[in-house]
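Spelled out from the first residue to the last, the chains are:
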Amino acid sequence: GAGVSQSPSNKVTEKGKDVELRCDPISGHTALYWYRQSLGQGLEFLIYFQGNSAPDKSGLPSDRFSAERTGGSVSTLTIQRTQQEDSAVYLCASSPGLAGNTGELFFGEGSRLTVL
Amino acid sequence: AQSVAQPEDQVNVAEGNPLTVKCTYSVSGNPYLFWYVQYPNRGLQFLLKYITGDNLVKGSYGFEAEFNKSQTSFHLKKPSALVSDSALYFCAVRLNTGGFKTIFGAGTRLFVKA
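Since we're looking at a predicted model, the values are computed, not measured. (Residues numbered from 1 in each chain as written. Chains lettered and ligands numbered in written order. Predicted model: local features only at pLDDT ≥ 70, side-chain atom pairs only at ≥ 80, totals over all residues. Heavy atoms only, no water.)

S.K.: Any chance you could explain the overall build of chain B here in plain terms?
M.R.: Helix and strand content of chain B: zero helices and twelve strands. In chain B, the order of α-helices and β-strands from amino to carboxyl end is β-β-β-β-β-β-β-β-β-β-β-β. A globule of 114 residues ought to have a C-alpha radius of gyration of about 13 Å, and chain B, at 14 Å, matches this closely. Its C-alpha atoms give chain B principal-axis dimensions of roughly 45 × 30 × 20 Å. Within the span of chain B, comprising 114 residues, buried residues form 46% of the whole. Looking at chain B as shown, the accessible area adds up to about 5,500 Å², and 50% of this sits on carbon and sulfur atoms. Each charge sign in chain B was given a centre, from 11 positive and 7 negative side chains, and these centres are 7 Å apart. (Helix = DSSP H or I, 4+ residues; strand = E, 2+ residues; numbered from the N terminus. Rg over C-alpha atoms; globule rule 2.2 N^0.38 Å. Buried < 20%, exposed > 50% of the residue type's maximum accessible area, 1.4 Å probe, protein only. Areas by Shrake-Rupley, 256 points an atom, 1.4 Å probe, with all protein chains shown as cover. Lys, Arg positive; Asp, Glu negative; His and termini not counted. Charge placed at Lys NZ, Arg CZ, Asp CG, Glu CD.)

Dropping the structure here:
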């Protein structure tokens, strides 16, 4: 697509429920990143994909968080048994593959998650 | 630990005056350095980057940044601020060892007063 697309843009859920957040990167971009931005906080790195593999998942806060990417394109971030501290904006970004990667990331507009 | 620091939570400047938003980093190797801007309720937009070469890089909207290797700094500057520059600014570093993870500073909110 023309830009990075994230859905849903807003999600309100009850504590204990599972949620799935989706990211559709720019066509042809092989690198994909998930970040979390909490109110008044900076960007917290969660996980990075190169193709379908995740060389760095060191930022996932707990085993309730998981992410996958299929077909080298769409990625899904899943949060199980949500907690109130999971409330944040989840940002996805993509960038071209290694050969043409000059480093800048292209961000989606984020998915705002509110856990009641 | 590898990190990016933005020592100011907020910078206030009058319209027409020069502005500086500070960034320092602590990483190994030769990282790529970036500035991004976030307007309210929007995703982040790329402003400029330093990879190699001239220490002064120019980017979008009249912004520039100066790379200083000895001080491990990459401060964002603009000669004459506009009210429309008011936003949240993030410094970022792409680690070029063991993968291509990009880490961000905590962000600095810029207020430009008319």
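Now that the structure is up, let's keep going.
S.K.: Got a minute to help me understand the interface of chain B and chain A in this structure?
M.R.: Accessible area lost upon the coming together of the parts serves often as the stated size of an interface. Contact with chain B, which involves 20 residues of that partner, is made by 21 residues of chain A. Around 1,600 Å² of area is buried between chain B and chain A when both sides are counted, 53% of it from carbon and sulfur atoms. Note that B:Lys101 is salt-bridged to A:Asp56, the shortest N-O span being 3.8 Å. Taken together, the links from chain B to chain A amount to five residue pairs in polar contact (both at pLDDT 80 or more). Listing elements by their share of the side of chain B that touches chain A, those giving two or more residues are β5 (32-38), β6 (44-50), β10 (87-94) and β11 (102-104) of chain B. In terms of residue count, the dominant contributor to the side of chain B that touches chain A is β5(B) (four residues). Considered class by class, the residues forming the side of chain B that touches chain A number eleven nonpolar, five polar and four charged. (Contact = heavy atoms within 4.5 Å. Buried area = accessible area lost by both parts, 1.4 Å probe. Salt bridge = Lys/Arg side-chain N within 4 Å of Asp/Glu carboxyl O. Polar contact = N/O pair within 3.5 Å; in protein donor to acceptor, adjacent residues only side chain to side chain. Nonpolar A, V, L, I, M, F, W, Y, C, P; charged D, E, K, R; others polar.)

S.K.: What exactly am I supposed to notice about the state of the cysteines here?
M.R.: Such a bond, covalent and formed between the sulfur atoms of two cysteines, is termed a disulfide. The full count for this structure, using the stated rule, is two disulfides over all chains. Shown here is the disulfide that connects A:Cys23 with A:Cys92, its sulfur atoms set 1.9 Å apart. One disulfide, between A:Cys23 and A:Cys92, carries an S-S torsion of -70° and so falls in the left-handed class. Residue A:Cys23 is found in strand β3 (residues 19-24), and its partner A:Cys92 is found in strand β9 (residues 88-95); the two are separated by 69 residues along the sequence. Residues A:Cys23 and A:Cys92 agree in their burial class; the two are buried. What pairs with B:Cys23 in a disulfide is B:Cys91, and their sulfur atoms sit 2.0 Å apart. Handedness here is read from the sign of the S-S torsion; for B:Cys23 and B:Cys91, about -65°, the answer is left-handed. One end of the pair, B:Cys23, is in the loop between β3 (19-21) and β4 (24-26); the other, B:Cys91, is in strand β10, with 68 residues separating them in the sequence. Of the residues examined, B:Cys23 reaches a relative accessible area of 1% and is grouped as buried. (Disulfide = S-S within 2.5 Å.)

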